[in-house]
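Structural overview
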Amino acid sequence: MRGHEHSENDNNLSGTVHGFVVQAGSVHGGIHVAGPAAREEVPPPWQLPPSVRITDRTEELRALETHRCRATEDGHPTLAAVSGLGGVGKTAVALAWLHHLRPHFPGGQLYADLGAQAPDGPADPGEVVGRFLRALGVPTGQVPAALGERVALYRSLTAGRQLVVLLDDAATAAQVRPLLPAGRCVTAVTSRRRMPGLSLDGGHVIHLEPLSTEAAVELLDATLADGRVAAQPEEARALVLLCAGLPLAVRIAGARLAARPRQNITAMVRALSEEHERLEALAIEGDHDVRAALDLSYQGLPPLAARLYRLLGLHPGREFGAPVARTLLGRDPVEALDALHDANLLVDVADESGERYRFHDLVRLHAAARAAQDESGDERTAVLHRVGRHYLANTGRAEEIIEPGRAALERDFGRDGAPGAVAEEDFGPVDGRTEAEAALDWLERELPNLMAVVRLARPMGAPELAWQLTDAMWPLFPRRKLYREGAEAHQEGLLAAEEAGNGEAVRRMLTSGALGKLSTGDHAEALAMFERAAAAFLEHGDALGHARTLNYRGLAHQRLGHLDRAAGFFARAADELPVLGDLRAGALARFNLADVALSERRYEDAVVDAEAARLTLEAAGDTYNAARAAGLTGRACVGLGRLDRADAELSAALTALRAAAAGFEAARVLGGLAQLSERRGQPRQARLYYREALSLYSSVGRSRSAEAVEAEARLGALDRPEPLASRGSQEPPGPRGLPGAEGSPPPEPPGSPPAPSREDRGEADA
């Protein structure tokens, strides 16, 4: 503190002050001053794969660096795109450039494979930006659901950082744009296509040509490193000419020679020349020589590795772990996987979760072609069934860990397989995470493979696999807000169930799929699906199933603004469900009826229905929904002017909902506490609660909900300048649990819930 003159009776403060200041007339006893806890530092992400040796790319690297320097001088972010033929070394050039920049960009490195050539289609930008947000420290539960909100948050987080981003194997400029960071970051994009569209975004586009003959010979010499190139220069030139200057082909041919140190280069040239018809048959973007190089590498594999190579060529996803290789091979795959990796036929993409591999795109095509050539049609179908059985069994294990005892559709696909034929995936918790979180992590990591299996189920003659796997994946979709994937899976599962004539599966796909639609705001479509499910339950003679759809249809009408229709459905459900034996579902319908009454300001009706619902829910052990009912009672009591009871109900509900990490419902209770503070003449405390409520609404992707809009409007009204006459007034003591209330703890930091609650996942009202 500077400029402060002290005297015994003077309590004035002047000059420049840093830190906390406490002014008081007389102070007795111990003094403790505490500030907010420091936010945990999130280490920068360093996601770039390691760089590899490149040759004859000096000119391209110079062009990239020149563009970066110019963009930096102009105060713009750097965007560069590297295009070229598959296997030409686009990623290697981008990595060499970006790794060179690391000392100048301490904010980290982000990497994403955008999968333009993936069998299940290019990567979804929303999914990729979600991964980027988590890498930058945003908790999973606070990643927005909408793409626009994700992109806005991503750009906010990168505006002040110095980091580099590699977007590998992009499909289109439109796929890339949502993934571009803000600030003075550097982004490199690789693609097999020329991408002139990125020039409109300030990008510099270069096209990578195959290596010159001299550079390819240099690469071959570096790969062999044994003097054979110097001893046979003409043969080396002939070999790289057969490889068409593609670094991938040169490296594979070199690896083949390196494994046979006594073989001269002439033998390899002769072998490639004899395989020329196979090179012509591949005909992918002019890569006529890669097939021959891959064939030679394949022929040099041990029999077990060669078989695994063919089987993995049929795997429907782009990446896979060692357990699925074990399931396919029927034995320990480590030796075979090592042989494939050593032959440069598999890329090791291991992460903290364990061993993972992928094929280069052209190698994957070659492996699939070898499977088509060397395996019978029945065996290829059996392989796909083994893949499906592997993912269904392990997804079912994950489901049981996440939601023990969940009523599920019968999982009879693949039960005729040999005992122990499916290798178990590792769901062991790491870094302090729970087993359920580890199981969710596995499901999200394998989601591209799981979705690929769902899409493949009908074409391969196993429609039951589509709905059984979709049903097993259900816990993942709402918890990680993967609504788009959930909708696609349920649509495919529904089509498969209808084609197979499985009524039970049709009804499940309709109801669980419609709940997902409610979570994404597709309320009209959800209502249509619930109506179809209701008709199917009636036709099947399932009175209880039909009664449950009454509640679901009420929810859809409520969110469409049809409150009278919603109340009618909720009332019918509240009457019918207890008679049919489902007391808990009946109580939830009663709670929903109270919610409609509250929105229509029929506060007495809301209190009666909410209290009845709470008693039943508490008896059923459903503490979460009982807390929701208490919060609704508290908000209704605010409307009735019963402020002391409102205080007690809302405070108890907030405590329980925070413990359940129920972000949306906790925000609704905070709104009630804010209105209670307004009624008690405590505008400062009301502002604090409205702001925390808005933060929670945003964190669970509900910032546009009616409740959030109302909270924002009321906060805006409170933030208007106060009349001069009221500025010196002192607020009365706050209610229990409110900031500033004597003896109450400080509020939880805004946006802090660790995971979405059941209501936030769209399940609480089910």
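This text follows the structure it describes.
Please read these numbers as outputs of a predicted model, since none were measured by experiment. Positions within a chain are numbered from 1, following the residues in the order the chain's sequence is written. Two thresholds apply to this predicted model, a pLDDT of at least 70 for residue-level local features and 80 or more for giving and counting side-chain atom pairs, whereas whole-chain, interface and lining totals are computed over all residues. To get the side-chain values, all heavy atoms of the structure are used, and hydrogens and water are removed first.

Here we look at the sheet that holds strand β1 (residues 78–84)
- When DSSP locates at least two bridges between a pair of strands, those strands are taken to pair. Only DSSP runs of H or I with at least four residues qualify as helices, and only runs of E with at least two residues qualify as strands; both kinds are numbered from the N terminus onward. Pairing is parallel in the open sheet, where 5 strands are placed in the order β2-β3-β4-β1-β5. Both edges of this open sheet fall to β2 (109–113) and β5 (204–208), since each of them pairs with a single strand only. Direction aside, the axes of adjacent strands within the sheet are offset by 15 degrees on average.
- Where β2 lies against strand β3 (residues 164–168), 5 bridges are found, and the strand directions are parallel. If you follow Y111 over to β3, its bridge partner there is L166.
- Together, β1, β4 (186–191) and β5 form the strand contacts of helix α1 (residues 58–73), whose direction differs from that of β1 by roughly 160 degrees.
- Helix-sheet contacts for helix α3 (residues 125–135) involve β2 and β3, and the interaxial angle to β2 is about 155 degrees. For helices, the axis comes from a line fit to the C-alpha atoms of the stretch in contact; other axes are also lines fit to C-alpha atoms, and the angle between any two N-to-C directions lies between 0 and 180 degrees. Contact definition: two residues touch when any of their heavy atoms are within 4.5 Å.

Quick look at the side chain of H546
- When you line up the elements, H546 lands in helix α24 (residues 543–559).
- Taking the relative accessible area as the measure of exposure, H546 reaches 11% and is therefore buried. Exposed residues in this analysis have more than 50% of their type's maximum accessible area, buried residues have under 20%, and partly exposed residues fall in between, with area computed by a 1.4 Å probe over protein chains only.

Let's talk about unusual backbone geometry
- Positive phi values are uncommon outside glycine, yet D56 reaches one of about 60 degrees.
- Looking at where D56 falls in the secondary structure, it is placed in the segment before α1.

Observations concerning the pattern of salt bridges
- Salt bridge, as used here, is a side-chain nitrogen of Lys or Arg placed within 4 Å of a carboxyl oxygen of Asp or Glu. Evaluated as defined, the whole model comprises 53 salt bridges.
- As a salt-bridge pair, R237 and E214 come within 3.5 Å of each other at their nearest N and O atoms. Taken together, the residues R237 in helix α8 (residues 233–242) and E214 in helix α6 (residues 213–224) connect sequence positions 23 residues apart.
- Residue R237 is classed as partly exposed on the basis of its relative accessible area, which comes to 32%.
- Overlapping salt bridges, with partners in common, bring together R307, R310, E375, E379 and R386 in one network.

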